[in-house]
Amino acid sequence: MRTKEFLGKHNIPYLSRNVNSDEGALEELLALGPKQLPVVSKNGKWVNGQSLKPVADLVGIDLGEVKHLPPAELARRIDLVIEGAARFFRQFPEANLGDQLPGRPRSLAQLTWHLFNVVDAFLEHERGIPLVNDAYNRLPPAGATRAEILAYGEDVRARFAAWWATAKTRSDWSQPAKVYYGGVAVHEFLERTTWHAGQHSRQLMWALADKYRIEPERPFGPQMWQGLPMPEQVWDS
C-alpha cells in the first residue's frame, strides 16, 4: 500500500497484481525471479518494494535528501506503539479475536502477534540474526490466548527497552542492515520497524472503532506519525 501511494503521488502509472486473488499474478512473479513480496517491476527488471529508494531508482523518481527521525525518537515511539497495541487488543471482545481483517487472511489475534513480532525481528537482527522474509510471516501458537499474546508483547517491550539502554550510546547508525530487501542502514531499519508496527496499531484502532463500534482507549493522534513515511490509508483499497 505504501509503495502504491508513493507511485501515485509521483504520477507513475502502475498495474497492481495481488497474488492471492489475481489469476496468473503468482506465475508472473515467479517468472521474474523473486520469491518475496512486494515487488515492483518494469521492463523485466524488478526491485523489492519494501524500500522506496530502489523503487524510485527503477521508475526515475528523484527523492532528493531523505530525512529520518533520530533513533531516540524512533525508540520512544516503538515503546508507545507496543504499549498502545496491548491496550487496544484488551478492548476486543473475547469472542471476536479470531475474526478476519481486510487485505489478507489474518485475524485480530494474528495481527497483534505480528505487530509485536515486527519489533522482535528487529531485536533478532541486533543479536546478529539477519532479517529474512519469513521473519514477518510468523503466527502465534495454535490456540494462543489473549493473555499469552499480551505476555509476548510485554516480553518484546521489555527486551526492546533493554536493547535501547545500550544502543542509545551508539554513534554510528549508518552501518548496513542485514535485511532481505537490502540497501538500507540500521537507522532506516529502525525507522521501518517504527512505522510498520505503527501502521498495524492504526489498524487495531480502526477495527475497534469502525468494525466493533468501540472507542479506542487513549487512541494515537496524527502527531504520533509525524516525520514517519507512513501510508496515508489504514487498509489497502
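Treat the numbers as computed from the prediction; the structure is a model and nothing was measured. (Residues numbered from 1 in each chain as written. Predicted model: local features only at pLDDT ≥ 70, side-chain atom pairs only at ≥ 80, totals over all residues. Heavy atoms only, no water.)

### Considerations on unusual backbone geometry
Excluding glycine, most residues fall at negative phi; most peptide bonds, likewise, are trans. For the record, the criterion: Here a helix means four or more residues in a row that DSSP labels H or I, a strand means two or more in a row labelled E, and each is numbered from the N terminus.
The phi dihedral of Asn-43 falls on the positive side, at around 55°, and the residue is not glycine. Counting through the fold element by element, Asn-43 comes out in the loop between strand E1 (39–42) and strand E2 (45–48).

### Let's talk about the side chain of Arg-87
Rules: Each residue is placed in one exposure class: buried if its accessible area under a 1.4 Å probe, protein chains only, is under 20% of its type's maximum, exposed if it is over 50%, and partly exposed if it falls in between. This count recognises Lys and Arg as positive and Asp and Glu as negative, with His and chain-terminal groups excluded. Here, a salt bridge means any side-chain nitrogen of Lys or Arg that lies within 4 Å of a carboxyl oxygen of Asp or Glu. We call two residues in contact whenever any of their non-hydrogen atoms come within 4.5 Å of each other.
Counting through the fold element by element, Arg-87 comes out in helix H4 (residues 71–91). Despite its burial, Arg-87 pairs with no opposite charge, the nearest such side chain being Glu-83 at 4.3 Å. The contacts of Arg-87, once residues within four sequence positions are left out, are Glu-217, Arg-218 and Phe-220.

### Quick look at the packing of aromatic side chains
Let me state the cut-off plainly: Stacked, tilted and edge-to-face are the three classes assigned to paired rings of Phe, Tyr and Trp, where Trp is represented by its six-membered ring and a pair needs centres within 6.5 Å; plane angles under 30 degrees give stacked, over 60 edge-to-face, the rest tilted. Counting as a charge over the ring demands two things of the Lys NZ or Arg CZ atom: a distance within 6 Å of the ring centre and an angle within 35 degrees of the ring normal.
All told, the structure shown has 13 aromatic pairs when counted by the stated rule. Geometrically, the ring pair formed by Trp-163 and Trp-173 is edge-to-face, given 6.2 Å between the ring centres and 80° between the ring planes. Here the residue Trp-163 occupies a position in helix H6 (residues 146–167), and Trp-173 occupies one in the loop between H6 and helix H7 (186–211), the gap between them amounting to 10 residues. Ring pairs connect the aromatic residues Phe-122, Phe-160, Trp-163, Trp-164, Trp-173 and Phe-189, which therefore count as one cluster. The ring of Phe-89 carries the charged tip of Arg-146 above its face, separated from the ring centre by 5.8 Å. Positioned over the ring face of Trp-173 is Arg-170, at 4.5 Å from the centre of the ring.

Note that every value here comes from positions in space, so none of it alone points to a role or purpose.
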